[in-house]
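Read off the chains here:
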Amino acid sequence: MTIEKQREVIRLWNQLRKVRGPAAEELRIQILECFAEKDSAKRSAA
């Protein structure tokens, strides 16, 4: 992921933190799971 993409994800994450409700919580969970999958894929490849 490029630095620009990382910054955009962080910006969107910070906006999402201000939102309440089950839909926002589901989005946060999906984002975290996505990063967890990428992180574990990196570790297994190393």
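Anything mentioned here points back to the structure above.
(A) Region of the structure containing the overall build of the protein. When you go through the protein residue by residue, the secondary structure sums to 2 helices and 0 strands. By the burial criterion, 7% of the 46 residues in the protein qualify as buried. Of the roughly 4,200 Å² that the protein leaves accessible, carbon and sulfur atoms contribute 58%.

(B) Highlighting the pattern of salt bridges. Summed over all chains, the structure comprises 2 salt bridges. With a closest N to O distance of 2.7 Å, Arg11 and Glu8 form a salt bridge. Of the two residues, Arg11 and Glu8 are both situated in helix H1 (residues 3-17); the distance of 3 residues between them amounts to about one turn of the helix. Overall, the relative accessible area of 39% leaves Arg11 in the partly exposed class. For Glu25, the salt bridge goes to Arg28, with nearest N and O atoms at 3.0 Å. Linking Glu25 with Arg28, this pair stays in helix H2 (residues 22-45), spanning 3 residues, or about one helical turn. Relative accessible area serves as the criterion here: at 39%, Glu25 is assigned to the partly exposed category. Here Arg28 falls in the buried class, since its relative accessible area comes to 15%.

(C) Structural context of the side chain of Arg28. At 3.4 Å, the side chain of Arg28 and the backbone oxygen of Val19 are in polar contact. A polar contact of 3.0 Å, which involves the side chain of Arg28, links it to the side chain of Glu25.

The rules behind each value
Residues numbered from 1 in each chain as written. Predicted model: local features only at pLDDT ≥ 70, side-chain atom pairs only at ≥ 80, totals over all residues. Heavy atoms only, no water. Helix = DSSP H or I, 4+ residues; strand = E, 2+ residues; numbered from the N terminus. Buried < 20%, exposed > 50% of the residue type's maximum accessible area, 1.4 Å probe, protein only. Areas by Shrake-Rupley, 256 points an atom, 1.4 Å probe, with all protein chains shown as cover. Salt bridge = Lys/Arg side-chain N within 4 Å of Asp/Glu carboxyl O. Polar contact = N/O pair within 3.5 Å; in protein donor to acceptor, adjacent residues only side chain to side chain.

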